[in-house]
Amino acid sequence: MSSNYLRHVESMSQLPSGAGKISQLNAVVLGESLASEDNDLIFPSKEFSGQALISSPQQYMEMHKRSMDDPAGFWSDIASEFYWKQKWGDQVFSENLDVRKGPISIEWFKGGITNICYNCLDKNVEAGLGDKTAIYWEGNELGVDASLTYSELLQQVCQLANYLKDNGVKKGDAVVIYLPMLMELPIAMLACARIGAVHSVVFAGFSADSLAQRIIDCKPKVILTCNAVKRGPKTINLKAIVDAALDQSSKDGVSVGICLTYDNSLATTRENTKWHNGRDVWWQDVISQYPTSCEVEWVDAEDPLFLLYTSGSTGKPKGVLHTTGGYMIYTATTFKYAFDYKSTDVYWCTADCGWITGHSYVTYGPMLNGATVVVFEGAPNYPDSGRCWDIVDKYKVSIFYTAPTLVRSLMRDDDKYVTRHSRKSLRVLGSVGEPINPSAWRWFFNVVGDSRCPISDTWWQTETGGFMITPLPGAWPQKPGSATFPFFGVQPVIVDEKGIEIEGECSGYLCVKGSWPGAFRTLFGDHERYETTYFKPFAGYYFSGDGCSRDKDGYYWLTGRVDDVINVSGHRIGTAEVESALVLHPQCAEAAVVGIEHEVKGQGIYAFVTLLEGVPYSEELRKSLVLMVRNQIGAFAAPDRIHWAPGLPKTRSGKIMRRILRKIASRQLEELGDISTLADPSVVDQLIALADV
């Protein structure tokens, strides 16, 4: 079988980045056997490729070549499929990514007049999709659910848009949204976009301090929130957090006139909600009185769409600014091809809209394609670890997009939580947020996807707006843990410390040459920091801040943030590599690795290890974990210290807060900083208590 399938990829002799032919690896065809060996190539089945939008490496190569040779023509053709009130000018894009040649600037479709909300909703309704389900909403508690068709969603968006206009929100004004995953969150984003207001969604797990920082930075006219939310068994009083943030921001001279509060009666009552008369307004008391149609504010392609704050290495959040036209085209196109989207698909992305994934791949990308989206309010392991698969079966989810952290946490539990559900509707799986280690990839593929669903393991960032390096499920054989090849219009390069491009098989710093439509345009109010952080490290390139290697077949492997790369005795070791090796150990459930100062080696490797349920800590186990890393990577990568971790400090979206782990590892306990955004702040005390065990 292998050799026949390898003939199918003879066309890959002309791989991107000049890699040669694929060497004789084991070929696994989806649906025919388990992915096991490290050198497996996993091919899509003939049935899958036969109906895929991009069905062969050859088709990908042709499209990618055109997107490189003629970016203006390539993206213009795609953009023409969307609604523009007025077409863009002769110049499709202009760019300067070289600080030596003047200020950094990126523009796409300038002069084109459009509206992303119109393209997400009105265009779909006019195309006859008014009765198609736009959102299936699944509440925290079992049996609590709701749905909206595209027509109903449009009406609710218009009512909120009319309210905002009536209260003085104009084109270019900022609106802060601090909501959990209720349907009102995408509704709020779309309502802002409809009237040209700039939304800034703040993840409803951030502390009052963090929220206040963002309010002070963007000075919103209105803040949208709800009184409380239940996440798993816990009730979180969001309104109290907003009140504290607004008190703080008004002391800094930024006062917000209106706090529109959704009454989430499943979590708390109005009586138990503190109220600020004259500022606070109940959502349900006013929105329903507004008309269900609202004129669209037509905007230039380069007018701002949203601000999204992302953590900077200095701790001060950076307000990433995305504009309208290029972002619209890019999110729609990446969604369509990376998930091989069909009109019959039901799509579920587990991300919160407080992060870029929830902007690009819960709200905008899917709805620009007229997709049916699942929005889930609760926790993925509540009431038990089978909840995700309950939801998959209930709504017949066909595309499931999640984070490696969630995959790893579900792996810890018995496979029966997965296998007791049918999951027959699943067609494509996806991974986002960090590199997925090969063992988690295989579990996701073999157990969740029954060895038949390709995995789109996407690499991208808040700053890039959409996928940059990603498998296309019908086109390429996959390697577990590799992000595969660049998306159309994207030219990744790997450079060394001096900024010299390295060809072929190599590792170094991941940069991007040339602009792409979804790129962010500036950091709000701080263009200098934008240039310094992203364009000065390697002049002429966008610097991702990530390390990357490219194998002999041209596949890209992300090795984690460059600040997550540990330099041990001159060896550059990606934390993701060491973590992957540790979790291969049969008794290790999860691991997080940081660098610490080492008087001999410069840096040492410090590993926090979570064991499977019921496994006791022991010196033997510690030695066997170190041995696992020695065997997998080499003696130079062996951890200097294994720190037992009943749990790891994670945000509510599942991101491990390595900043906190570094402080614990180096015993700088007075510098832990704000831990209020953690899903479970008590984990920090447990880790400190186990520091010398």
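The numbering scheme is per chain: residues are counted from 1 as the chain's sequence reads. It should be noted that, the model being predicted, local features are given only for residues of pLDDT at least 70 and side-chain atom pairs only at 80 or more, the latter also being counted only at that level, while totals for whole chains, interfaces and linings use all residues. Hydrogens and water are ignored here; the side-chain numbers use all heavy atoms of the structure.

1. Side note on the overall build of the chain
Threshold: Each helix corresponds to a stretch of at least 4 residues labelled H or I by DSSP, and each strand to a stretch of at least 2 residues labelled E; elements are numbered beginning at the N terminus. Atoms considered for the radius of gyration are the C-alpha atoms alone. The globule rule reads 2.2 Å times the number of residues to the power 0.38. Burial classes: relative accessible area under 20% of the type maximum marks a residue as buried, over 50% as exposed, and values in between as partly exposed (1.4 Å probe, protein chains only). Note on areas: these come from Shrake-Rupley sampling with a 1.4 Å probe, and a residue is covered only by the protein chains present in the view. In this tally, Lys and Arg are treated as positive and Asp and Glu as negative; His is ignored, and so are the chain termini. Charged side chains are reduced to one point each, which is NZ for Lys, CZ for Arg, CG for Asp and CD for Glu.
If you tally the helices and strands in the chain, you get 21 helices and 33 strands. In summary, the chain has a C-alpha radius of gyration of 24 Å against a globular reference of 26 Å for 693 residues, a match within 12%. Principal axes of the C-alpha set define a box for the chain whose edges measure 65 × 60 × 55 Å. Within the span of the chain, comprising 693 residues, buried residues form 62% of the whole. Working note: accessible area of the chain is about 25,500 Å², and carbon and sulfur atoms make up 49% of it. Between the mean site of the 66 positive side-chain charges and the mean site of the 81 negative ones, the chain shows a separation of 1 Å.

2. Re helix H16 (residues 438-448)
Every α-helix carries 3.6 residues per turn, so stepping three or four residues along brings you back to the same face. Of all the 11 residues making up H16, 10 are buried; the element is thus mostly covered by neighbouring parts of the structure. Positive phi appears at Asp450, one or two residues downstream of H16, with a value of about 50°.

3. Topic: the UniProt feature "domain: Acetyl-coenzyme A synthetase N-terminal" (unreviewed entry) in the chain
Threshold: UniProt positions are given in the numbering used here, feature names are shortened, and annotations may be inferred rather than shown by experiment.
The feature "domain: Acetyl-coenzyme A synthetase N-terminal" (unreviewed entry), as given by UniProt, occupies residues 60-120 in the numbering adopted here. Segment residues 60-120 splits into 39% helix and 16% strand. End C-alpha atoms: 27 Å apart.

4. Side note on the packing of aromatic side chains
Note the threshold: Only Phe, Tyr and Trp rings take part, Trp by its six-membered ring, and two of them pair if their centres are within 6.5 Å. Stacked means planes under 30 degrees apart, edge-to-face means over 60, and tilted covers everything else. Note on criteria: charge over ring means Lys NZ or Arg CZ within 6 Å of the ring centre, with the direction from the centre no more than 35 degrees off the ring normal.
Under the definition given, this model contains 55 aromatic pairs. Seen in terms of ring centroids, Trp275 and Trp282 are 4.2 Å apart; in terms of plane orientation they differ by 15°. Their pairing is stacked. Residue Trp275 is classed as partly exposed on the basis of its relative accessible area, which comes to 30%. The buried category is assigned to Trp282, whose relative accessible area is 11%. Within the aromatic cluster, the residues linked to one another by ring pairs are Tyr60, Phe74, Trp75, Tyr330, Tyr337, Trp476, Phe485, Phe487, Phe488 and Tyr555. Of note, Lys123 hangs over the ring of Phe82, and the distance from its end group to the ring centre comes to 5.5 Å. Lying across the ring of Tyr555, Lys479 places its NZ or CZ 4.5 Å from the centre.

5. Here's the deal with the side chain of Ser207
Quick reminder of the rule: When checking whether two residues touch, look at their non-hydrogen atoms; a contact exists if any pair is within 4.5 Å.
By the secondary structure assignment, Ser207 is in the loop between strand S9 (198-201) and helix H8 (208-218). Under the relative-accessibility criterion, Ser207 is labelled buried at 10%. Leave out the neighbours within four places in its chain, and Ser207 touches Ile241, Asp674, Ser676 and Thr677.

6. Focus: unusual backbone geometry
In this model, Tyr382 is joined to Pro383 through a cis peptide bond whose omega is 0°. Structurally, Pro383 can be placed in the loop between strand S19 (372-376) and helix H13 (387-395). At Arg423, a residue that is not glycine, the phi angle is positive and equals roughly 60°. In this fold, Arg423 is placed in the loop between helix H15 (416-419) and strand S21 (428-431). One non-glycine residue, Thr484, lies in positive phi territory at about 75°. Within the element layout of this structure, Thr484 appears in the loop between strand S22 (455-457) and strand S23 (492-495). The buried category is assigned to Thr484, whose relative accessible area is 0%.

7. Describing the environment of Pro233
Tracing the backbone shows Pro233 in the loop between strand S11 (229-231) and strand S12 (234-236). We classify Pro233 as exposed; its relative accessible area is 65%. Separated by 149 residues in sequence, Pro233 and Tyr382 have C-alpha atoms that sit 7.8 Å apart.

8. Section: the sheet that holds S19
Operational definition: Should DSSP find at least two bridges between two strands, the strands are taken to pair. To get an axis, a line is fitted to the C-alpha atoms, and for a helix only the part in contact is used. The angle between two axes follows their N-to-C directions and goes from 0 to 180 degrees.
In spatial order, the strands read S7-S6-S19-S18-S20-S21-S22; together these 7 strands make up an open sheet with mixed pairing. This sheet does not close on itself; its edge strands, each paired only once, are strand S7 (145-149) and S22. Mean inter-strand twist for the sheet, computed between neighbouring axes without regard to direction, equals 20°. Note that S21 and S22 share 3 bridges and pair parallel.

9. Digging into the state of the cysteines
Going by this rule: Two cysteine sulfur atoms make up a disulfide if the distance between them is within 2.5 Å.
Under the definition given, this model contains 0 disulfides. Between Cys226, a free cysteine, and Cys259, which holds the nearest cysteine sulfur, the sulfur-to-sulfur gap is 10 Å. With a relative accessible area of 0%, Cys226 lands in the buried category. The cysteine Cys388 is free of any disulfide, with Cys349 supplying the nearest cysteine sulfur at 12 Å.

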